[in-house]
Amino acid sequence: MHNYEKLKKNKANWIVVAVIVLVAIISLIGWSNYRSHHLAGTYTNQATFLGVTSKTKLEFSNDKKVKMTNGTTSENDTYELSGNDLKIKNEDDEVIMRAKLADDRKSFKVKSIAGDIFGILKNIEFARQS
């Protein structure tokens, strides 16, 4: 009878361990999914074109909002993040920028910007500020 009680007690311990591992796995999957759709932080770029220097700052928040500041212009837009593909949309839900986020999330490169018919702004890189 002693072995049966010991086996019964070990079974309960294994069930507890299995439940803890299952909760940890589900939490990691949930965090990974959340992280793949949200971006937070400030990214900046400074570019010179035809002798004119332009500074742009993008401030992303976890609520899918992005504040874009370029000189004195500031807009409240939204963003979508799917994996490393970033889309910034204006108030009319039109995509105004497409970019590719680096795997380490410390920078992204612009793939297209609305109104840039010659592709001059393609591959501009924004770096995350600490």
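In this text the structure is predicted, and so the values were computed from the model without any measurement.

What counts, and where the lines are drawn
Residues numbered from 1 in each chain as written. Predicted model: local features only at pLDDT ≥ 70, side-chain atom pairs only at ≥ 80, totals over all residues. Heavy atoms only, no water. Pairing = 2+ DSSP bridges. Helix = DSSP H or I, 4+ residues; strand = E, 2+ residues; numbered from the N terminus. Salt bridge = Lys/Arg side-chain N within 4 Å of Asp/Glu carboxyl O. Buried < 20%, exposed > 50% of the residue type's maximum accessible area, 1.4 Å probe, protein only. Phe/Tyr/Trp six-rings, centres within 6.5 Å; stacked < 30°, edge-to-face > 60°. Patch = residues over 30% accessible without salt bridge, like charges linked within 9 Å, V, L, I, M, F, W, Y side chains within 5 Å. Areas by Shrake-Rupley, 256 points an atom, 1.4 Å probe, with all protein chains shown as cover. Lys, Arg positive; Asp, Glu negative; His and termini not counted. Charge placed at Lys NZ, Arg CZ, Asp CG, Glu CD. pLDDT = per-residue confidence, 0-100.

Draft legend 1. The arrangement of the pairing of strand β7 (residues 107-113) in detail. With five bridges connecting them, strand β6 (residues 95-101) and β7 associate as antiparallel partners. Along β7, the bridge assignment pairs M97 with I113. Between β6 and β7, which pair antiparallel and follow one another directly, the connecting turn spans five residues, one of which, R105, has a positive phi of 65 degrees. For β7 and strand β8 (residues 125-128), the ladder comprises three bridges, and the chain directions are antiparallel. Counted as the bridge partner of K109 is E125 from β8.

Draft legend 2. Up close: the pattern of salt bridges. Going through the model one piece at a time under the given rule, you end up with four salt bridges. Of the charged contacts, one joins E59 and K57 as a salt bridge, the two residues approaching to 3.9 Å between their closest N and O atoms. For E59, a relative accessible area of 29% puts it in the partly exposed group. We note a salt bridge from E80 to K89, for which the minimum N-O separation is 2.7 Å. Several salt bridges converge on common partners, so that one network encompasses E80, K89 and D93.

Draft legend 3. Region of the structure containing the packing of aromatic side chains. Following the criterion strictly, the structure yields five aromatic pairs and no others. Consider the rings of Y43 and F60, whose centres lie 5.6 Å apart with planes at 85 degrees: the pair is edge-to-face. In this pair, Y43 sits in strand β1 (residues 41-49) while F60 sits in strand β2 (residues 52-60), placing the two residues 17 residues apart along the sequence. Looking at F60, the relative accessible area reads 5%, which means it is buried. Ring centres of F60 and Y79 lie 5.2 Å apart, and the angle between their planes is 85 degrees; this geometry places the pair in the edge-to-face category. Of this pair, F60 sits in strand β2 while Y79 sits in strand β4 (residues 73-82), placing them 19 residues apart in sequence. Here a set of aromatic residues connected by ring pairs shows up, and it is made of Y43, F60, Y79, F108 and F126.

Draft legend 4. Examining a negative patch on the surface more closely. Taken together, the side chains of E75, E91, D92 and E94 make up a negatively charged region of the molecular surface. Tracing the backbone shows D92 in the loop between β5 (85-89) and β6. A relative accessible area of 60% places D92 in the exposed class.

Draft legend 5. View of the confidence of the model for the protein chain. Per-residue confidence for the protein chain gives a mean pLDDT of 77, with 65% of residues at or over 70. Helix α1 (residues 2-37) is the least confidently modelled element of the protein chain, averaging 62 in pLDDT, while β5 averages 91, the highest of any element.

Draft legend 6. Just the pairing of β5, in detail. Strand direction decides the pairing type here: β5 and β6, joined by five bridges, are antiparallel. The residue bridging D85 from the neighbouring strand is K100, located in β6. Remark: five residues form the turn of the hairpin made by β5 and β6, two consecutive strands paired antiparallel; D93 in that turn has positive phi of roughly 65 degrees.

Draft legend 7. Up close: the side chain of D77. Examined against the element boundaries, D77 turns out to sit in strand β4. Buried charge without a partner: D77 forms no salt bridge, and the closest opposite charge is K65, 9.1 Å away.

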